[in-house]
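# What the coordinates show
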Amino acid sequence: LLRAEGAIVDAIDLLTADHNRVRGLFKLFKDASEKDDRSTMVEVAAKMRTELEVHTTIEEEIFYPAIRGADEEIGETVAEGLEEHHEVKVLLRELEDLAPDDEAWKAKWTVITENVEHHAGEEESDMFPKVRSQTEADWREQLGDKLDRRKGELGAPTMADRIDLTSAQVKTLATEQEIPGRSKMSADELRATVSPG
Ligand SMILES: [Fe+2]
Ligand SMILES: [Fe+2]
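The model shown is predicted, which means the values in this text are computed figures rather than measured ones.

Procedures and definitions
- Residue indices follow the written sequence of each chain, beginning from 1 at its first position.
- Naming scheme: in the order in which they are written, chains are lettered from A and ligands are numbered from 1.
- Reporting of local features is limited, given that this is a predicted model, to residues whose pLDDT is at least 70; pairs of side-chain atoms are given and counted only at 80 or more, and all residues count toward the totals for whole chains, interfaces and linings.
- Water and hydrogen atoms were dropped before computing side-chain values, which therefore reflect all heavy atoms in the structure.
- Side-chain rings of Phe, Tyr and Trp, where Trp is taken by its six-membered ring, are said to pair if the distance between their centres is within 6.5 Å; with planes under 30 degrees apart they count as stacked, over 60 as edge-to-face, and otherwise as tilted.
- Strands here mean DSSP runs of E at least two residues long; helices mean DSSP runs of H or I at least four residues long; both are numbered from the N terminus.
- Partly exposed describes any residue whose relative accessible area lies between the buried limit of under 20% and the exposed limit of over 50%, with all areas from a 1.4 Å probe on protein chains only and scaled to the type maximum.
- In this description, a donor is an N, O or S atom within 2.8 Å of the metal centre, a cutoff extended to 3.2 Å for sodium, potassium and calcium. Water is not part of the atom list, which can make sites seem incomplete.
- In this analysis, the protein atoms alone were mapped onto a 1 Å grid. Cavities are point sets where a 1.4 Å probe fits without being able to get out; pockets are open sets with protein on both sides within 12 Å along at least five of seven lines; lining residues have an atom within 4 Å of a point.
- Grid points are joined across faces, edges and corners, and a volume is the space filled by probe spheres set on the points.
- The classification used treats Ala, Val, Leu, Ile, Met, Phe, Trp, Tyr, Cys and Pro as nonpolar, Asp, Glu, Lys and Arg as charged, and all other residues, Gly among them, as polar.

Another point: the packing of aromatic side chains. Applying the stated criterion across every chain yields a total of 4 aromatic pairs. A centroid spacing of 6.3 Å and a plane angle of 50 degrees characterise the contact between phenylalanine 29 and tryptophan 109, whose relative ring orientation is tilted. Pair noted here: phenylalanine 29 is in helix H1 (residues 11-34) and tryptophan 109 is in helix H4 (residues 103-134), with a separation of 80 residues, a long-range link. One exposure class covers both phenylalanine 29 and tryptophan 109, and it is buried. Consider the rings of phenylalanine 63 and tyrosine 64, whose centres lie 6.4 Å apart with planes at 50 degrees: the pair is tilted. Comparing phenylalanine 63 with tyrosine 64, the two get one shared label, buried. Through a chain of ring-to-ring contacts, the aromatic side chains of Phe29, Trp105 and Trp109 assemble into a single cluster.

Bound to the iron ion (ligand 1) are the protein donor atoms Glu59 (OE), Tyr64 (OH), His85 (NE2), His119 (NE2) and Glu123 (OE), situated 2.0 to 2.6 Å from the metal. The metal-metal distance between the iron ion (ligand 1) and the iron ion (ligand 2) is 3.2 Å, with glutamate 59 coordinating both. Here histidine 119 lies in helix H4 and histidine 85 lies in helix H3 (residues 72-95), a separation of 34 residues in the sequence. Given a relative accessible area of 7%, histidine 119 falls into the buried group.

Turning to the layout of surface pockets, a few remarks are in order. Here the largest pocket defines a volume of roughly 420 Å³. Secondary-structure elements contributing two or more residues to the lining of the largest pocket are H1 and helix H2 (38-67). Broken down by element, the lining of the largest pocket gets its largest block of residues, 5 residues, from H2. When the residues that make up the lining of the largest pocket are grouped by side-chain class, the tally is 8 nonpolar, 5 polar and 7 charged. The space that makes up the second largest pocket amounts to roughly 210 Å³. Lining the second largest pocket are Arg23, Phe26, Lys27, Phe29, Lys30, Ser33, Lys106, Thr110, Thr113, Glu114 and Glu117.

Following this line, the structure appears as structure tokens:
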């Protein structure tokens, strides 16, 4: 997944890593929410917002346009994906006007986590396998590089920002960040997934 000389990553692996990172945040939010720990909820919510904004931006600017013409079925999943992104963006916009102690604040965040779980699950089970079966690894790596560079421009950590993390460091971060499936991931997969801090 990551190579010594640089940080080349398959576009689908990069997007899946984004999904798992945000799923970790959803878990942290849910745990804080069950304890009614507002300050942690607010802290995690800020991270969820950034992750979701960056991820939907790179999908809409780069990934979806690159794949939507591949065939009719992929085009349909992209059209559906855009509507699902739109629903999340509406909720994120509404949240800007709400204080965290407003009852609707937690409710809207909970609905976002549910919607995104559904959306990311559909991308992984439907859209991504179709794209993978119709494209070459080289093409996906070039696209992954574009996605990664755009993330950097948007102020998000890139693959290069993770490359120096040791296996021990990525394991610790993956546990702290509640990355799902971490026990079955290789060090490289974990490195591509964790937030470097
Ligand atoms: Fe998406
Ligand atoms: Fe996605």
